[in-house]
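Examination of the molecular architecture
This is what each chain is made of:
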Amino acid sequence: LDKSFDVITLLEVLEHITEVEKAITAAVKMAKQYVVVSVPSKPDDNPEHIHLLTKEKLTKMFAEAGCTKLHFDGVEGHLFMVAAIE
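Summary of the structure given here. (Residues numbered from 1 in each chain as written. Predicted model: local features only at pLDDT ≥ 70, side-chain atom pairs only at ≥ 80, totals over all residues. Heavy atoms only, no water.)

**Regarding the nonpolar core**
Among the nonpolar cores identified, the biggest contains 23 residues, and Leu14, Ile24, Val28, Val35, Val37, Leu58 and Phe62 are the most heavily contacted of them. Taken together, the elements giving at least two residues each to this core come down to strand S1 (5-11), helix H1 (20-30), strand S2 (31-40), helix H2 (55-64) and strand S4 (78-84). The element contributing the most residues to this core is H1, with five residues. Setting aside anything within four residues of it in sequence, one finds leucine 58 in contact with Leu14, Ile24, Val39, Leu53, Phe72, Leu79 and Met81. (Core = buried A, V, L, I, M, F, W, Y, C linked by side-chain atoms within 4.5 Å. Buried < 20%, exposed > 50% of the residue type's maximum accessible area, 1.4 Å probe, protein only. Helix = DSSP H or I, 4+ residues; strand = E, 2+ residues; numbered from the N terminus. Contact = heavy atoms within 4.5 Å.)

Next comes the structure, spelled out in structure tokens:
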């Protein structure tokens, strides 16, 4: 599945996944061009949200997965990020 998809989206899912690093590594491995991510930007009372992923945490995890070209933005209550695959 390496480089099988032009774009991988991880929209409002990473905060639910126990092993976030593995999910990010797999997404980067499968993407030809981009990985698009959105996560909540502040704590909430959803018991299914097991992580609060900040810009700093996402930057570190994507760098460890081999991505350094990241673009961050935000919309009300959410952090939006595009990682370019190099």
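**Section: the sheet that holds S1**
Strand order in the open sheet formed by four strands is S1-S2-S4-S3, and the pairing between neighbours is mixed. Each edge of the sheet is formed by a strand with only one pairing partner; in this case those strands are S1 and strand S3 (69-75). Shown here is a sheet whose adjacent strand axes are inclined to one another by a mean of 15°, direction ignored. Inspection of the sheet shows S2 paired to S4 by seven bridges, in the antiparallel sense. Residue pairing across strands places valine 37 opposite methionine 81, the latter belonging to S4. Relative to the sheet, H1 contacts S1 and S2, its axis offset from that of S2 by approximately 145°. (Pairing = 2+ DSSP bridges. Axes fitted to C-alpha atoms, helices over the stretch in contact; angles between N-to-C directions.)

**A look at unusual backbone geometry**
Despite not being glycine, lysine 3 shows a phi value in the positive range, around 50°. In this fold, lysine 3 is placed in the segment before S1. On the basis of relative accessibility, which here comes to 39%, the residue lysine 3 falls in the partly exposed class. For glutamate 12, which is not glycine, the phi dihedral falls at a positive 60°.

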